[in-house]
Amino acid sequence: MENGKKEKKLFVIYPQKRAEEGRLDQVLRAALEGISAQVVDSMEELWENGDHENGTERFQGGRLLFAVPLGKNGVNRGYYEILAWLRCGKPVLKGAVAGFLIDADSELYTKAAARELAVAANQAGAALVGRPLVEGTASLDNYIIQAANMGTDRLGAYKKSAGILAEQLMEFQWNPRKEPHLLVLHASSHKTSNTLEVWNAVKEKIEDHVEIREVSLRNGTLEDCSGCPYQMCLHFGERGKCFYGGPIVESVYPGIQWADGILLLCPNYNDALSANLTAFINRLTALFRTTRFYDKALFAIIVSGYSGSDLIAGQLITALNMNKTFYLPGNFCIMETGNSPGSAMKRDGIGDRIQAFADTILETMRDGENRKER
């Protein structure tokens, strides 16, 4: 990054910090030991000289940890100030790398808050490291297995996990490739799909600079995951396979191992991913047993008939970035509206948005020396 000084400090964005010390403060103190960190607990500091009409360059290119206490009801008023700042329409986190520490006094709301915050931060320009979320529910039962693996209690596992995330935020560096590979997955009809039409326009702008492999999940039988026992799933995963075989094993697993990034073409089906793309994510578990994806980037083209593209973006982030460890570049997706064949490509400004998305792919995938060749 151009400003090396910003990389040495971790900004902790901490809305509605309590006067008395709570569990989140204990976790942060343990996680930030030995790390130069600045806690921002006044939401007015997020704005340029308190001016809500303008964003700030203060956090661009920096490392950020959002630490959010949700209480029992999942509501933190300062958190909504953060969302307002992130959604101001300016790239307030351009070049930044972010992670999330969400703590609750109930068993609910942590993932929902993290997903909403992740979408907003990414749209404001922040990249997310693979597995960027550490969450603490009231019981900390979500740490039972990790505590056993770490040889500690649940609170100890919570603190260690937060420390690992803080170190990852400080040390992570994405490395573009000289000859990048991009795997494109879809399950749409070439005759009527707005999503494929947008992809074809993007493809024209990147295909001379990125090697592309497209796989259709529409053809053939695509079995969803049926929840095999762990040992069986591990057995097949160690061989790069899955018990159910089919196109996932024949085309998708080899494609992911070959790729430096994946791009999913996602029409909005009832405010959710299509069945075949959902099956792909579920079936990815067998490969994930033995392979992590921290060094592979995730992109998406999302088209909704009317609204709700941000819901699909959130699904992709929670499933593939938070759970399956894919790296999420800033502005990882393009979100469009198209409720009849060909309508997405007729929207005002579509050409500029396609160019910006293509540039994001190339700037992420190709190293600086090769980008100059364009």
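What you see is a predicted model, and the numbers here were worked out from it, not measured in a lab.

Draft legend 1. Representation of the pairing of strand E5 (residues 127–136). Summarising burial for E5: nine of the ten residues are buried, a large majority. Across six bridges, strand E4 (residues 97–103) lies against E5 in parallel orientation. Within E5, the position partnered with isoleucine 102 by the bridge is glutamate 135. Once the chain exits E4 it traverses helix H4 (residues 110–123) before rejoining the sheet at E5, and the crossover so formed is right-handed.

Draft legend 2. Here's a closer look at helix H7 (residues 194–206). Over its 13 residues, H7 runs 19 Å from end to end, which matches the ideal 18 Å to within 8%, given 1.5 Å per residue. Among the residues of H7, Asn194, Thr195, Leu196, Val198, Trp199, Ala201, Val202 and Ile206 are the ones counted as buried. Summarising the contacts, the buried residues of H7 are in contact with strand E6 (181–186), strand E7 (211–216), strand E8 (261–267), strand E9 (297–304) and helix H12 (350–365).

Draft legend 3. Summary view of the packing of helix H2 (residues 23–31) against helix H6 (residues 154–171). Across the interface, H2 lies against H6 with an axial gap of 8 Å and an inter-helix angle of 50°. Between H2 and H6, the angle falls in the class oblique. Here the hand of the crossing between H2 and H6 comes out right-handed. Counted together, Arg23, Leu24, Gln26, Val27, Ala30 and Ala31 of H2 and Leu155, Tyr158, Lys159, Ala162, Gly163 and Ala166 of H6 form the full contact between these two elements. A class-by-class count of the residues in the contact of H2 with H6 yields eight nonpolar, two polar and two charged.

Draft legend 4. Expanded view of the environment of isoleucine 144. With respect to the helices and strands, the residue isoleucine 144 is situated in helix H5 (residues 144–150). Here isoleucine 144 falls in the partly exposed class, since its relative accessible area comes to 48%. Separated by 13 residues in the primary sequence, isoleucine 144 and alanine 157 place their C-alpha atoms 8.5 Å from one another.

Draft legend 5. Summary view of the packing of aromatic side chains. Inspection of every chain in the model, using the stated rule, returns nine aromatic pairs. When the centroid spacing of 5.7 Å and the interplanar angle of 25° are considered together, the rings of phenylalanine 66 and phenylalanine 100 count as stacked. Taken together, the residues span a long stretch of sequence, with phenylalanine 66 in strand E3 (residues 63–69) and phenylalanine 100 in strand E4 at a distance of 34 residues. Residue phenylalanine 100 is classed as buried on the basis of its relative accessible area of 0%. Note on phenylalanine 293 and phenylalanine 326: the rings are 4.7 Å apart at their centroids and 15° apart in plane angle, and the pair reads as stacked. Separated by 33 residues along the polypeptide, phenylalanine 293 in the loop between helix H10 (275–288) and E9 and phenylalanine 326 in the loop between helix H11 (309–323) and strand E10 (333–337) bring together distant segments of the chain. For the pair formed by phenylalanine 293 and phenylalanine 326, the shared burial category is buried. Pairwise contacts between aromatic rings join Phe11, Phe59 and Trp85 into one cluster. A cation over an aromatic ring shows up here: arginine 292 above the ring of phenylalanine 288, its NZ or CZ 3.9 Å from the ring centre. Between lysine 324 and the ring centre of phenylalanine 288, over which it is positioned, the NZ or CZ distance is 5.5 Å.

Draft legend 6. View of the sheet that holds E8. Strand order in this open sheet of five strands is E7-E6-E8-E9-E10, and the pairing throughout is parallel. Bordering the open sheet on either side are E7 and E10, each of which pairs with just one other strand. Taken pair by pair, the neighbouring strands of this sheet meet at an average axis angle of 15°, ignoring direction. For E6 and E8, the ladder comprises four bridges, and the chain directions are parallel. Its bridge partner lying in E8, leucine 185 is registered against leucine 264. Across the sheet, H12 is in contact with E6, E8, E9 and E10; its angle to E9 comes to roughly 165°.

Draft legend 7. Quick peek at the environment of serine 251. Residue position: serine 251 is located in helix H9 (residues 247–258). On a C-alpha basis, the gap between serine 251 and valine 215 in space is 7.1 Å, while along the polypeptide they are 36 residues apart.

Draft legend 8. Representation of helix H3 (residues 77–86) in the model. Listing the buried residues of H3 in full gives Gly78, Tyr79, Ile82, Leu83, Trp85 and Leu86. Viewed end-on, H3 has its buried residues packed into an arc of 160°, placing them on one side of the element. Summarising the contacts, the buried residues of H3 are in contact with strand E1 (10–13), E3 and H4. A side-chain oxygen of the first residue of H3 lies 2.9 Å from the backbone nitrogen of glycine 78; this N-cap is asparagine 76.

About the criteria used
Residues numbered from 1 in each chain as written. Predicted model: local features only at pLDDT ≥ 70, side-chain atom pairs only at ≥ 80, totals over all residues. Heavy atoms only, no water. Buried < 20%, exposed > 50% of the residue type's maximum accessible area, 1.4 Å probe, protein only. Helix = DSSP H or I, 4+ residues; strand = E, 2+ residues; numbered from the N terminus. Pairing = 2+ DSSP bridges. Right-handed = clockwise from strand over helix to strand, strands pointing away. Expected span 1.5 Å × (residues − 1). Contact = heavy atoms within 4.5 Å. Axes fitted to C-alpha atoms, helices over the stretch in contact; angles between N-to-C directions. Parallel < 35°, antiparallel > 145°, perpendicular 65-115°, else oblique. Left-handed = near helix turned anticlockwise from the far one by under 90°. Nonpolar A, V, L, I, M, F, W, Y, C, P; charged D, E, K, R; others polar. Phe/Tyr/Trp six-rings, centres within 6.5 Å; stacked < 30°, edge-to-face > 60°. Lys NZ or Arg CZ within 6 Å of the ring centre and 35° of its normal. Arc of directions from axis to C-beta. Polar contact = N/O pair within 3.5 Å; in protein donor to acceptor, adjacent residues only side chain to side chain.

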